[in-house]
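Structure assessment
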Amino acid sequence: MNLLPNATSTDVQEQQPRVAVLPIGSFEQHGRYLPLITDTAIACIIGQEIASAYPVHLLPPITMSCSHEHASFPGTVSISAKTLFAVVDDIRASLARSGITKLVIVNGHGGNYVMSNIAQEANVDGPVVSLFPLGSDWDRAREHGGLTSDRHGDMHAGEIETSILLHAAPELVREGYSEADHDGGARPFLLVRGMSAYTASGVIGYPSYATAEKGKAVLESLTASYAAHLDALGEQS
(Lines give C-alpha, C1' and ligand atoms only; values in the text may rest on other atoms or scores of the structure.)
Protein backbone atom coordinates (compact mmCIF):
# COMPACT_ATOMS: atom_id res chain seq x y z
CA MET A 1 0.00 0.00 0.00
CA ASN A 2 1.02 3.60 -0.54
CA LEU A 3 0.72 5.67 2.64
CA LEU A 4 1.50 8.98 0.92
CA PRO A 5 -0.95 11.19 -0.99
CA ASN A 6 -0.01 11.75 -4.62
CA ALA A 7 -1.92 14.95 -5.45
CA THR A 8 -0.06 17.66 -7.35
CA SER A 9 -0.03 21.35 -6.53
CA THR A 10 -2.27 21.90 -9.54
CA ASP A 11 -4.76 19.36 -8.18
CA VAL A 12 -5.00 21.31 -4.93
CA GLN A 13 -5.29 24.62 -6.77
CA GLU A 14 -8.20 23.31 -8.83
CA GLN A 15 -9.95 21.69 -5.87
CA GLN A 16 -9.47 24.66 -3.53
CA PRO A 17 -10.12 22.62 -0.38
CA ARG A 18 -11.13 24.42 2.81
CA VAL A 19 -10.27 21.54 5.15
CA ALA A 20 -7.02 19.58 5.53
CA VAL A 21 -6.83 16.04 6.90
CA LEU A 22 -3.71 15.10 8.88
CA PRO A 23 -3.15 11.40 9.72
CA ILE A 24 -1.12 10.85 12.88
CA GLY A 25 0.11 7.37 13.68
CA SER A 26 2.93 5.93 15.73
CA PHE A 27 5.94 3.66 15.47
CA GLU A 28 5.28 1.09 18.16
CA GLN A 29 5.00 -2.64 18.70
CA HIS A 30 1.80 -4.41 17.68
CA GLY A 31 2.61 -7.97 18.62
CA ARG A 32 4.34 -10.44 16.33
CA TYR A 33 1.86 -10.25 13.43
CA LEU A 34 1.28 -6.50 12.85
CA PRO A 35 4.04 -4.02 11.94
CA LEU A 36 5.40 -1.12 13.94
CA ILE A 37 3.67 1.21 11.46
CA THR A 38 0.20 -0.18 12.20
CA ASP A 39 -1.26 3.01 13.69
CA THR A 40 0.21 5.10 10.89
CA ALA A 41 -1.13 2.74 8.24
CA ILE A 42 -4.62 2.78 9.76
CA ALA A 43 -4.66 6.59 10.08
CA CYS A 44 -3.59 6.85 6.43
CA ILE A 45 -6.21 4.33 5.31
CA ILE A 46 -8.93 6.30 7.10
CA GLY A 47 -7.57 9.52 5.61
CA GLN A 48 -7.63 8.05 2.12
CA GLU A 49 -11.22 6.89 2.57
CA ILE A 50 -12.19 10.40 3.67
CA ALA A 51 -10.36 12.04 0.77
CA SER A 52 -12.14 9.78 -1.71
CA ALA A 53 -15.53 10.88 -0.36
CA TYR A 54 -15.05 14.54 0.60
CA PRO A 55 -13.25 17.58 -0.90
CA VAL A 56 -10.34 17.73 1.55
CA HIS A 57 -6.60 18.28 1.33
CA LEU A 58 -5.04 15.00 2.48
CA LEU A 59 -1.63 15.46 4.08
CA PRO A 60 1.17 12.92 4.55
CA PRO A 61 1.24 11.30 8.00
CA ILE A 62 3.16 12.08 11.13
CA THR A 63 4.71 8.68 11.71
CA MET A 64 6.13 8.93 15.24
CA SER A 65 4.26 10.13 18.28
CA CYS A 66 3.74 9.47 22.00
CA SER A 67 4.24 5.72 22.46
CA HIS A 68 6.09 5.86 25.76
CA GLU A 69 3.92 3.16 27.36
CA HIS A 70 5.34 0.73 24.76
CA ALA A 71 8.97 1.63 25.41
CA SER A 72 9.91 -1.77 26.84
CA PHE A 73 9.13 -3.49 23.51
CA PRO A 74 11.89 -3.53 20.87
CA GLY A 75 11.54 -1.21 17.90
CA THR A 76 9.21 1.34 19.49
CA VAL A 77 10.23 4.99 18.98
CA SER A 78 8.54 8.01 20.57
CA ILE A 79 8.71 11.78 20.46
CA SER A 80 7.62 14.02 23.32
CA ALA A 81 4.13 15.44 23.64
CA LYS A 82 5.51 18.96 23.37
CA THR A 83 7.29 18.06 20.11
CA LEU A 84 4.12 16.56 18.64
CA PHE A 85 2.18 19.65 19.72
CA ALA A 86 4.75 21.91 18.07
CA VAL A 87 4.77 19.94 14.81
CA VAL A 88 0.99 20.03 14.50
CA ASP A 89 0.97 23.73 15.40
CA ASP A 90 3.56 24.43 12.68
CA ILE A 91 1.50 22.46 10.15
CA ARG A 92 -1.60 24.46 11.05
CA ALA A 93 0.29 27.74 10.62
CA SER A 94 1.62 26.67 7.22
CA LEU A 95 -1.83 25.60 6.05
CA ALA A 96 -3.31 28.92 7.17
CA ARG A 97 -0.77 30.80 5.07
CA SER A 98 -2.08 28.92 2.04
CA GLY A 99 -5.69 29.70 2.95
CA ILE A 100 -6.68 26.42 4.60
CA THR A 101 -7.74 27.23 8.16
CA LYS A 102 -9.68 24.07 9.10
CA LEU A 103 -7.93 20.86 10.12
CA VAL A 104 -9.19 17.38 10.96
CA ILE A 105 -6.63 15.24 12.79
CA VAL A 106 -7.05 11.53 12.12
CA ASN A 107 -5.42 10.10 15.21
CA GLY A 108 -4.45 6.45 14.92
CA HIS A 109 -2.82 6.11 18.36
CA GLY A 110 -4.80 6.33 21.59
CA GLY A 111 -1.77 7.50 23.57
CA ASN A 112 -1.63 10.84 21.76
CA TYR A 113 -3.51 12.59 24.56
CA VAL A 114 -1.97 15.94 23.63
CA MET A 115 -4.16 16.04 20.53
CA SER A 116 -7.09 16.95 22.78
CA ASN A 117 -5.15 19.94 24.09
CA ILE A 118 -4.33 21.04 20.54
CA ALA A 119 -8.03 21.08 19.65
CA GLN A 120 -8.95 22.67 22.97
CA GLU A 121 -6.60 25.61 22.42
CA ALA A 122 -7.17 25.98 18.68
CA ASN A 123 -10.94 26.29 19.01
CA VAL A 124 -11.08 29.09 21.57
CA ASP A 125 -11.96 31.69 18.93
CA GLY A 126 -14.09 29.40 16.79
CA PRO A 127 -14.13 25.86 15.42
CA VAL A 128 -11.03 25.14 13.33
CA VAL A 129 -9.73 21.73 14.54
CA SER A 130 -11.58 18.46 15.00
CA LEU A 131 -10.23 15.13 16.24
CA PHE A 132 -11.33 12.05 14.35
CA PRO A 133 -12.44 9.40 15.05
CA LEU A 134 -13.99 10.13 18.43
CA GLY A 135 -14.92 7.30 20.78
CA SER A 136 -18.51 7.51 19.56
CA ASP A 137 -17.32 7.20 15.94
CA TRP A 138 -15.37 4.05 16.82
CA ASP A 139 -18.36 2.63 18.71
CA ARG A 140 -20.66 3.13 15.73
CA ALA A 141 -18.06 1.56 13.46
CA ARG A 142 -17.76 -1.47 15.74
CA GLU A 143 -21.52 -1.91 15.75
CA HIS A 144 -21.78 -1.46 11.98
CA GLY A 145 -18.96 -3.92 11.42
CA GLY A 146 -20.46 -6.55 13.71
CA LEU A 147 -17.37 -6.72 15.89
CA THR A 148 -17.43 -9.17 18.77
CA SER A 149 -15.15 -7.27 21.16
CA ASP A 150 -15.67 -3.89 22.83
CA ARG A 151 -13.39 -0.85 22.69
CA HIS A 152 -11.86 -1.33 26.15
CA GLY A 153 -11.09 -5.02 25.80
CA ASP A 154 -9.85 -4.65 22.23
CA MET A 155 -7.29 -1.95 22.95
CA HIS A 156 -4.21 -2.87 20.93
CA ALA A 157 -3.44 -5.11 17.93
CA GLY A 158 -6.87 -6.66 18.31
CA GLU A 159 -10.01 -7.29 16.31
CA ILE A 160 -10.55 -3.82 14.87
CA GLU A 161 -6.98 -2.99 13.88
CA THR A 162 -6.38 -6.40 12.37
CA SER A 163 -9.70 -6.28 10.50
CA ILE A 164 -8.92 -2.89 8.94
CA LEU A 165 -5.55 -4.10 7.73
CA LEU A 166 -6.92 -7.45 6.49
CA HIS A 167 -9.26 -5.44 4.28
CA ALA A 168 -7.11 -2.51 3.17
CA ALA A 169 -3.52 -3.78 3.45
CA PRO A 170 -3.49 -7.56 3.95
CA GLU A 171 0.19 -7.69 3.02
CA LEU A 172 0.95 -6.06 6.38
CA VAL A 173 -0.66 -8.86 8.42
CA ARG A 174 1.52 -11.85 9.26
CA GLU A 175 0.47 -15.25 10.48
CA GLY A 176 -0.22 -15.72 14.17
CA TYR A 177 -3.06 -13.30 14.81
CA SER A 178 -5.61 -16.10 15.13
CA GLU A 179 -3.80 -17.43 18.22
CA ALA A 180 -2.85 -14.13 19.85
CA ASP A 181 -5.92 -13.11 21.90
CA HIS A 182 -5.12 -11.59 25.28
CA ASP A 183 -7.33 -10.01 27.95
CA GLY A 184 -5.42 -7.17 29.58
CA GLY A 185 -7.99 -6.63 32.31
CA ALA A 186 -8.75 -3.25 33.87
CA ARG A 187 -5.25 -1.73 33.39
CA PRO A 188 -5.59 1.08 35.99
CA PHE A 189 -1.87 1.90 36.00
CA LEU A 190 -1.09 1.63 32.29
CA LEU A 191 0.58 5.03 32.20
CA VAL A 192 2.55 4.24 35.36
CA ARG A 193 3.76 0.72 34.62
CA GLY A 194 3.48 0.58 30.84
CA MET A 195 2.03 -2.04 28.51
CA SER A 196 4.40 -4.78 29.63
CA ALA A 197 2.67 -4.89 33.02
CA TYR A 198 -0.51 -6.09 31.31
CA THR A 199 0.71 -8.10 28.33
CA ALA A 200 3.83 -10.13 27.57
CA SER A 201 3.05 -10.36 23.86
CA GLY A 202 2.23 -6.68 23.36
CA VAL A 203 -1.36 -7.56 22.45
CA ILE A 204 -4.44 -6.49 24.37
CA GLY A 205 -7.45 -7.58 22.38
CA TYR A 206 -8.99 -10.27 20.23
CA PRO A 207 -7.36 -10.46 16.80
CA SER A 208 -8.73 -13.98 16.26
CA TYR A 209 -12.14 -12.38 15.61
CA ALA A 210 -10.78 -10.21 12.79
CA THR A 211 -11.99 -10.47 9.19
CA ALA A 212 -11.54 -8.35 6.08
CA GLU A 213 -15.32 -7.97 5.84
CA LYS A 214 -15.45 -6.39 9.28
CA GLY A 215 -12.63 -4.04 8.32
CA LYS A 216 -14.48 -2.88 5.22
CA ALA A 217 -17.64 -2.19 7.20
CA VAL A 218 -15.70 -0.30 9.88
CA LEU A 219 -14.18 1.99 7.26
CA GLU A 220 -17.58 2.57 5.63
CA SER A 221 -18.99 3.66 8.97
CA LEU A 222 -16.06 5.95 9.75
CA THR A 223 -16.31 7.61 6.35
CA ALA A 224 -19.98 8.36 6.98
CA SER A 225 -19.25 9.64 10.49
CA TYR A 226 -16.75 12.15 9.14
CA ALA A 227 -19.58 14.32 7.77
CA ALA A 228 -20.53 15.38 11.31
CA HIS A 229 -17.01 16.65 11.88
CA LEU A 230 -17.23 18.85 8.79
CA ASP A 231 -20.53 20.19 10.08
CA ALA A 232 -18.96 20.92 13.47
CA LEU A 233 -16.28 22.96 11.69
CA GLY A 234 -18.93 24.93 9.82
CA GLU A 235 -18.23 23.23 6.51
CA GLN A 236 -20.66 21.51 4.20
CA SER A 237 -20.24 17.78 3.77
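Rules and cut-offs
Residues numbered from 1 in each chain as written. Predicted model: local features only at pLDDT ≥ 70, side-chain atom pairs only at ≥ 80, totals over all residues. Heavy atoms only, no water. Helix = DSSP H or I, 4+ residues; strand = E, 2+ residues; numbered from the N terminus. Rg over C-alpha atoms; globule rule 2.2 N^0.38 Å. Buried < 20%, exposed > 50% of the residue type's maximum accessible area, 1.4 Å probe, protein only. Pairing = 2+ DSSP bridges. Contact = heavy atoms within 4.5 Å. Axes fitted to C-alpha atoms, helices over the stretch in contact; angles between N-to-C directions. Core = buried A, V, L, I, M, F, W, Y, C linked by side-chain atoms within 4.5 Å.

1. What about the overall build of the protein?
- Along the protein, the regular secondary structure elements total 8 helices and 4 strands.
- Listed by position from the N terminus, the elements making up the protein come as α-β-α-β-α-β-α-β-α-α-α-α.
- Computed over C-alpha atoms, the radius of gyration of the protein comes to 17 Å, within 12% of the 18 Å expected from 2.2 N^0.38 for 237 residues, which places it in the range of a compact globule.
- Along the three orthogonal principal directions, the C-alpha set of the protein runs to about 50 × 35 × 30 Å.
- Residues counted as buried form 49% of the 237 residues belonging to the protein.

2. Quick look at the sheet that holds strand β2 (residues 57-58)
- Strand order in this open sheet of 4 strands is β2-β1-β3-β4, and the pairing throughout is parallel. With one partner strand each, in any of the chains shown, β2 and β4 (129-132) form the two edges of the open sheet.
- Contacting β1 (19-24), β2, β3 (102-107) and β4, helix α2 (residues 38-53) crosses the sheet at an angle of about 160° to β1.

3. With respect to unusual backbone geometry
- With an omega of -5°, the peptide bond running from Phe132 to Pro133 counts as cis.
- Structurally, Pro133 is set in the loop between β4 and α5 (135-145).
- Positive phi, close to 60°, is recorded for Ala157, a residue that is not glycine.
- Overall, Ala157 belongs to the buried group, its relative accessible area being 0%.

4. Comments concerning the nonpolar core
- By size, the foremost hydrophobic cluster in this structure holds 37 residues, and its most contacted members are Ile46, Ile50, Leu165 and Tyr226.
- With residues near it in sequence (within four places) discarded, Tyr226 still touches Val19, Val21, Ile50, Tyr54, Val56, Val104 and Phe132.
- Listed in part, the 20 residues of the second largest apolar core include Leu22, Leu84, Val88 and Met115.

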